[in-house]
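Architecture at a glance
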Amino acid sequence: MSPLILLILITTLIRVVMGWALGLGIDETYMVAASRHLELSYYDHPPIAWWLTHAAMALSGSQASVIVRLPFILLFALSTWLMARITSRLFDSDRAGFWAAFILNLSPVYAVTGGGWVLPDGPLDCALLGFLLFSLQATGLVAGGRPWVDWLAAGACAGLAMLSKYNGVLVLAGLPVFLATTATGRLWLRRPQPWVAGLLAVILFTPVIFWNVEHHWASFAFQGDRAGGLRFRPLAPLGVWGGEALFVLPWIWVPLILLWLAALRRGPAEPRGWLLALLAAAPILLFALVSIWSSDHILYHWSAPGTLMLFPLLGVEIARRLERGAPRLRRGIVATAALLVFALVLTGTQMRLNWVTALAGPSFLARAKDVAGGVNWTGLRPQLEARGLLAAPGLVVAVTKWNDAGKVDYALGGSLPVVVLAADAREYGVFAPADRYIGHPMLILMSSSNGAADASRMASLFDRVTVLQPLVIYFGGFPLLKLSVLKGEGFHGLAMVKGVK
């Protein structure tokens, strides 16, 4: 068995085990719950991740964590193979391909979040690697010999990337720049193939356009607003790049950036590195630039599609150095692999068994508030059913935050409508707008321990609000989170009430 196949099998098995051990995160439960409603596109992102999740649940009849994560785990297995294939063909070295794929599996932002969680990043990464492989073949940087097939395949992968996540277009933009700045590329611009490939990508993206037209460009506006703001922070890019380095791992990110700068410096004279550098440039630079004035927090994984394009350069550099010995490099790779495995074992056993709380006491959970985001609220439905709170005719379950909506909706298994009583409802404002349920009784759940204050907040939305006994979400036998429980009667609707946030 080849080392690459062994790598893929071992890492896939690890991801399946982690997919079983870890509860779904906030974004994951939100996506799983929302993906029960099949749409052309969605409020937060284009649709592929949601479609995959919907298909996994429809085919299996289950919403178990490992089931809904399985499509993303399998896609990363394909991404690992694609990374090795791209690198080995670019540099005529199977060793370089293996090391590019191996190091990719050591970087948390790719190997953990993109490689096994219900997020759009995994499908995006896989589509971009397919786009890169076929672009290399189409432009003749590696042997292809099927211009129409390769260009159409590159266009299809570009369309799939845009159907995965909007920031994918920043990577795709590097190819036209490459074609315009190289002699061979300019010859291609006089031929129909790249133009037809671009048209194919746009056609594949049309579901997102149609959805946005129908919903007043809501998704484009939501993402575009993140770049708005009036602040001036000239040092903010350093913080963004520092955060990106932490997500990738600093000792992987820094070599990637140095190799990127070297490829930019060599320019079109070395076309293979030039293409990789151009594909990486926009994500690495744009989000750092936007952070100077944006009032929204720049999430550090947004630039990850850019650095993904640089792993072939790192793979060939590692292969060359290891051929000369490089014992420190070998020890560094082994230490990084050991560190990642240790972190996964620690996290997986803790999230499955909660042994840290058993050792440190309940005060640990009180300090580690973010733990609630990675725990499935499986005890919610049995508690509500035992108290007879889910039996009222026409009952709607309400929360005040979109991230709580995913947790509650996932726990209830889609058995009741869930609405968000807030202006920022995300996808819930599309498929379950609160004003659709005017007059309905509502069971209101709020992540708070002050029921009286919560009832006062909700009073203007209902004829009457009653404070009920709160309930507790448990994690491994220890109390994790207390939820206020309110009964609202005669819902007025959000549109009639000013100042709801």
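For the structure, check the block above.
Residues numbered from 1 in each chain as written. Predicted model: local features only at pLDDT ≥ 70, side-chain atom pairs only at ≥ 80, totals over all residues. Heavy atoms only, no water.

Helix and strand counts for the protein stand at 25 helices and 5 strands. In summary, the protein has a C-alpha radius of gyration of 25 Å against a globular reference of 23 Å for 501 residues, a match within 12%. With respect to the principal axes defined by its C-alpha atoms, the protein has extents near 75 × 55 × 50 Å. Considering only residue pairs separated by 6 or more positions, the protein has 73% of its internal contacts joining residues 24 or more positions apart. Total accessible area on the protein stands at roughly 21,800 Å², and carbon and sulfur atoms take up 67% of it. One way to put it: in the protein the 38 positive side-chain charges average out to a point 8 Å from where the 26 negative ones average out. (Helix = DSSP H or I, 4+ residues; strand = E, 2+ residues; numbered from the N terminus. Rg over C-alpha atoms; globule rule 2.2 N^0.38 Å. Contact = heavy atoms within 4.5 Å. Areas by Shrake-Rupley, 256 points an atom, 1.4 Å probe, with all protein chains shown as cover. Lys, Arg positive; Asp, Glu negative; His and termini not counted. Charge placed at Lys NZ, Arg CZ, Asp CG, Glu CD.)

Right, let's talk about the pattern of salt bridges for a bit. If you walk through the whole model with that rule in mind, you get 10 salt bridges. Between aspartate 44 and arginine 426 there is a salt bridge; the shortest N-O distance is 3.6 Å. Here aspartate 44 is found in the loop between helix H2 (26-34) and helix H3 (48-60), whereas its partner arginine 426 is found in the loop between strand S2 (418-420) and helix H24 (428-431), with 382 residues between them in sequence. Among the residues examined, aspartate 44 registers a relative accessible area of 6% and is labelled buried. Overall, arginine 426 belongs to the buried group, its relative accessible area being 15%. With its nearest N and O atoms 2.8 Å apart, the salt bridge here joins arginine 464 to glutamate 489. Note that arginine 464 is positioned in strand S4 (residues 462-475) and glutamate 489 in strand S5 (residues 478-491), a separation of 25 residues in sequence. A relative accessible area of 26% means that glutamate 489 is categorised as partly exposed. The network of salt bridges with common partners includes Asp44, Asp424 and Arg426. (Salt bridge = Lys/Arg side-chain N within 4 Å of Asp/Glu carboxyl O. Buried < 20%, exposed > 50% of the residue type's maximum accessible area, 1.4 Å probe, protein only.)

Let's shift gears to the packing of helix H10 (residues 174-181) against helix H16 (residues 271-290). At a minimum axis separation of 8 Å, H10 and H16 run at an interaxial angle of 145°. In this structure, H10 meets H16 at a crossing whose hand is right-handed. For the pair formed by H10 and H16, the contact residues are Gly174, Leu175, Val177, Phe178 and Thr181 on the first element and Pro271, Trp274, Leu275, Leu278 and Leu279 on the second. Class assignment for the residues of the contact of H10 with H16 results in 8 nonpolar, 2 polar and no charged. (Axes fitted to C-alpha atoms, helices over the stretch in contact; angles between N-to-C directions. Left-handed = near helix turned anticlockwise from the far one by under 90°. Nonpolar A, V, L, I, M, F, W, Y, C, P; charged D, E, K, R; others polar.)

Together, Met1, Ile5, Leu6, Leu9, Ile10 and Ile14 make up an exposed nonpolar region whose accessible area comes to about 570 Å². Tracing the sequence through the fold places isoleucine 10 in helix H1 (residues 3-21). What makes isoleucine 10 partly exposed here is its relative accessible area of 44%. (Patch = residues over 30% accessible without salt bridge, like charges linked within 9 Å, V, L, I, M, F, W, Y side chains within 5 Å.)

What follows is about the pairing of strand S3 (residues 442-446). Taking burial as the measure, the 5 residues of S3 include 5 buried ones, the bulk of the element. Both faces of S3 are covered, namely the face carrying Met442, Ile444 and Met446 and the face carrying Leu443 and Leu445. As paired elements, strand S1 (residues 396-399) and S3 share 3 bridges and run parallel to each other. Residue alanine 398 lies in a different strand from S3, and its bridge partner there is isoleucine 444. Here 5 bridges tie S3 to S5, and the two strands are oriented antiparallel to one another. Bridge pairing in S5 places isoleucine 444 opposite leucine 486. (Pairing = 2+ DSSP bridges.)

Okay, the sheet that holds S4 next. Taken together, the 5 strands give an open sheet; going across it, the order is S2-S1-S3-S5-S4, and neighbouring strands pair in mixed fashion. Of all strands in the sheet, those bounded by a partner on one side alone are S2 and S4. With direction set aside, neighbouring strand axes in the sheet form an average angle of 30°. Pairing analysis gives 3 bridges linking S1 to S2, with the strands arranged parallel. Bridging from a neighbouring strand, alanine 398 pairs with valine 419 of S2.

This paragraph deals with the nonpolar core. In terms of nonpolar packing, the biggest core is built from 153 residues, with Leu380, Leu421, Tyr428 and Met442 touching the most fellow members. Residues contacting tyrosine 428, with those up to four places away along its chain left out, are Tyr30, Ala33, Ala405, Gly406, Asp409, Val418, Val420 and Pro433. If you look at the next biggest cluster of nonpolar residues, it comprises 7 residues, including Leu170, Val240, Val290 and Trp302. (Core = buried A, V, L, I, M, F, W, Y, C linked by side-chain atoms within 4.5 Å.)

Interpretation in functional terms is not warranted from these geometric data alone.
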